[in-house]
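Observations on the model geometry
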Amino acid sequence: MKILVINSGSSSIKYQMYEMPAEKVLAAGIIERIGEKQGHTRHSNVQGNTYSEDKPVAHHQEGFEIIARLLMDKQYGSIQQPEEVFAVSHRVVHGGELFRKTTLIDEAVKQKIKELFPLAPLHNPPNLTGIEVAQKVFFKAKQVAVFDTAFHQSMPEKAYRYAIPHSFYQEHGIRAYGMHGTSHRYVTNQAANYLQKPLEQTSLITLHLGNGCSMAAIRGGKCIDTTMGLSPLAGLMMGSRSGDIDPTVPYFMGTKLGMSFEEIDQLLNKKSGLTGLTGSNDLRDILKMSEGGDTQAQLALDMYTYRIKKYIGAYYAALGRVDALVFTAGVGENSSYVRWHACEGLENMGIRLDREKNECRASKIIELHSGQSPVKVLAIPTNEELEIARQSFELLK
Ligand code: ADP
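A quick note: this is a predicted structure, and the numbers were derived from the prediction, not measured.

Turning our attention to the site of the ligand. Neighbouring the ligand are 13 residues; Asn211, Asp282, Leu283, Arg284 and Gly330 lie closest to it. Separating an oxygen atom of the ligand from a backbone N or O atom of Leu283 is a distance of 2.7 Å. Arg284 places a side-chain nitrogen or oxygen 3.4 Å from a nitrogen atom of the ligand. Taken by itself the ligand offers 570 Å² of open surface, and the protein chains cover 69% of this. Listing elements by their share of the shell around the ligand, those giving two or more residues are α10 (283-291) and α12 (329-334). Of the residues that constitute the shell around the ligand, the class distribution is three nonpolar, seven polar and three charged.

A few words on the UniProt feature "binding site: Mg(2+)" (unreviewed entry) in the protein chain. UniProt records the feature "binding site: Mg(2+)" (unreviewed entry) at Asn7 and Glu384, using the numbering of this structure. These annotated residues cover 378 residues of sequence, but their C-alpha atoms sit close together, with the largest distance between any two at 9.9 Å. For Asn7, a relative accessible area of 18% gives the class buried. Apart from residues lying up to four places away in sequence, Asn7 is in contact with Ser12, Ile13, Lys14 and Arg91. If you trace the backbone, Glu384 turns up in helix α15 (residues 384-396). Aside from chain neighbours lying at most four places away, what touches Glu384 is Thr182, Ser183 and His208.

On to the sheet that holds strand β13 (residues 366-367). Taken in spatial order, the six strands make up an open sheet running β11-β10-β9-β12-β14-β13, and their pairing is mixed. Of all the strands in the sheet, just β11 (222-226) and β13 have a single pairing partner and so form its edges. Alignment of strand β10 (residues 213-219) against β11, held across four bridges, turns out to be antiparallel. Within the sheet, the bridge partner assigned to Arg219 lies in β11 and is Lys222. Each of β9 (203-209), β10, β12 (324-328), β13 and β14 (376-379) touches helix α6 (residues 181-195); the most contacted strand, β9, lies at about 135 degrees to it.

A cis amide bond, omega 5 degrees, links Met20 with the succeeding residue Pro21. Within the element layout of this structure, Pro21 appears in the loop between β2 (13-19) and β3 (24-32). A positive phi is found at Arg33, a non-glycine position, where the angle reads about 55 degrees. Looking at where Arg33 falls in the secondary structure, it is placed in the loop between β3 and β4 (40-45). Even without being glycine, Ala329 reaches a positive phi, approximately 75 degrees. Summarising the element assignment, Ala329 is placed in helix α12. For Ala329, a relative accessible area of 5% translates into the label buried.

What follows concerns the UniProt feature "binding site: substrate" (unreviewed entry) in the protein chain. The feature "binding site: substrate" (unreviewed entry), as given by UniProt, occupies Arg91 in the numbering adopted here. Not counting chain neighbours up to four residues away, the residues in contact with Arg91 comprise Ile6, Asn7, Asn127, Val146, Asp148 and Ile388.

Attention now goes to the packing of helix α1 (residues 60-72) against helix α3 (residues 124-137). Relative to each other, α1 and α3 sit at 50 degrees, their axes nearing to 9 Å. One finds that α1 runs oblique with respect to α3. Crossing angle aside, the handedness with which α1 passes α3 is right-handed. When α1 is examined against α3, the residues His60, Gln61, Phe64, Glu65 and Ala68 are found in contact with a partner set consisting of Thr129, Gly130, Val133, Ala134, Lys136 and Val137.

Another point: the pattern of salt bridges. Opposite charge on two side chains permits them to pair, given that their charged atoms come into close proximity. The full count for this structure, using the stated rule, is twelve salt bridges. In this structure, the salt-bridge partner of Asp323 is Lys197, at a minimum N-O distance of 3.1 Å. Taken together, the positions of Asp323 in the loop between α11 (295-319) and β12 and Lys197 in the loop between α6 and β9 put the pair 126 residues apart, joining distant regions of the chain. Between Asp282 and Arg284 there is a salt bridge, with the nearest N and O atoms lying 2.8 Å from each other. Overall, Asp282 belongs to the partly exposed group, its relative accessible area being 23%. Since its relative accessible area comes to 59%, Arg284 is described here as exposed. If you follow the salt bridges from partner to partner, you end up with Glu107, Lys110 and Glu132 in one network.

Judged by nonpolar contacts, the single largest core of 44 residues is most densely connected at Leu209, Tyr304, Ile308 and Leu325. For this core, the elements supplying multiple residues, two or more each, are β9, β10, α10, α11, β12, α13 (336-343) and β14. In terms of residue count, α11 provides more of this core than any other element does, ten residues in total. Not counting the four nearest positions on each side in its chain, Leu325 is found in contact with Ile205, Leu207, Ile312, Cys343, Ile351, Val375, Lys376, Val377 and Leu378. One finds Tyr169, Leu378, Ile388 and Phe393 within the second-largest nonpolar core, a separate group that totals 28 residues.

What counts and what doesn't
Residues numbered from 1 in each chain as written. Predicted model: local features only at pLDDT ≥ 70, side-chain atom pairs only at ≥ 80, totals over all residues. Heavy atoms only, no water. Near = heavy atom within 4 Å. Polar contact = N/O pair within 3.5 Å; in protein donor to acceptor, adjacent residues only side chain to side chain. Areas by Shrake-Rupley, 256 points an atom, 1.4 Å probe, with all protein chains shown as cover. Helix = DSSP H or I, 4+ residues; strand = E, 2+ residues; numbered from the N terminus. Nonpolar A, V, L, I, M, F, W, Y, C, P; charged D, E, K, R; others polar. UniProt positions renumbered as here; feature names shortened; annotations may be inferred. Buried < 20%, exposed > 50% of the residue type's maximum accessible area, 1.4 Å probe, protein only. Contact = heavy atoms within 4.5 Å. Pairing = 2+ DSSP bridges. Axes fitted to C-alpha atoms, helices over the stretch in contact; angles between N-to-C directions. Parallel < 35°, antiparallel > 145°, perpendicular 65-115°, else oblique. Left-handed = near helix turned anticlockwise from the far one by under 90°. Salt bridge = Lys/Arg side-chain N within 4 Å of Asp/Glu carboxyl O. Core = buried A, V, L, I, M, F, W, Y, C linked by side-chain atoms within 4.5 Å.

The following block contains the structure:
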């Protein structure tokens, strides 16, 4: 069964085509800067033939037509006709409380994704565009939605509610939903397998540290708490997002500094976090700056790792018992610095890293803890596309 996994953003479409259940990647690529003067397309197939082109791509429809053409190309492709794609699986960021699991898309589902636009104004609209265009281009294929929020729907009410009057929740759905669910779910399953423990008996803290960062407390394979909230802005400090902040700060910015809602939103989402403190959102740059004696860069690193450490403590308390910490995504898989400083001083909680093992980068699952560490510490490469393909295959088989 060929499943085409799609991540359709406002200006890009990422895709991977899988042969399932073999989990073989037949083709993969990305179309970037859709709608801009200079677009970029990259594609490769299982034979290793790579195609790359700098050419404007006017809109998502054109993007999907390019993808279909490349997938069927004699040299670069892996299929002969669009009908060979059995399903197109879409990453949809916000499923609200309406979607707790992977769902076959019909008109009613599309309507509900639309109703959720106010909760994810930047993400759900391009996700829906991707679905509508894919329906035209791959018209025979089943269309499936995999929601980023679904994995976190198991949180108890005490964890997801905000302490504001009930009506804001009941009438407007204002509560914590959490994001990166597909990644947290993927590494949870990987960790349980690796630890050779039944999922139901496994207690984990997962740390997805990429450009966006979130952590989750997971008991028995189910999320009981996570750091992101109504939107991805909450929780950890990130590449360009502030993470947790006193809610009075935006009020102050508006009333005292005359900033508009849009300016505040842009500031907290795009110009804060590592970017706001150092000018770069890339941790590698900041590590270099700090090695060169830049005290602002050092402060940013201290803040970044301190906040992770605080959430490790919080989630340890929420879980009561932890089998493993699981680091994943760009920073989590690669940065020995962040892992070391986030775990430093937690020895009395049973978290002991091995300095040498921690120096490794995770191209596969690696152990980072010392021999005597009661809590295991793992780095696991995430694979959201594969998780989406797996979820879809489970639904369709
Ligand atoms: P996204 O959220 O965009 O998917 P990724 O998971 O790819 O992000 O993570 C991107 C981040 O990973 C980069 O901004 C960079 O800071 C960090 N990163 C990647 N490689 C390394 C490395 N070797 N050391 C430290 N940080 C790294």
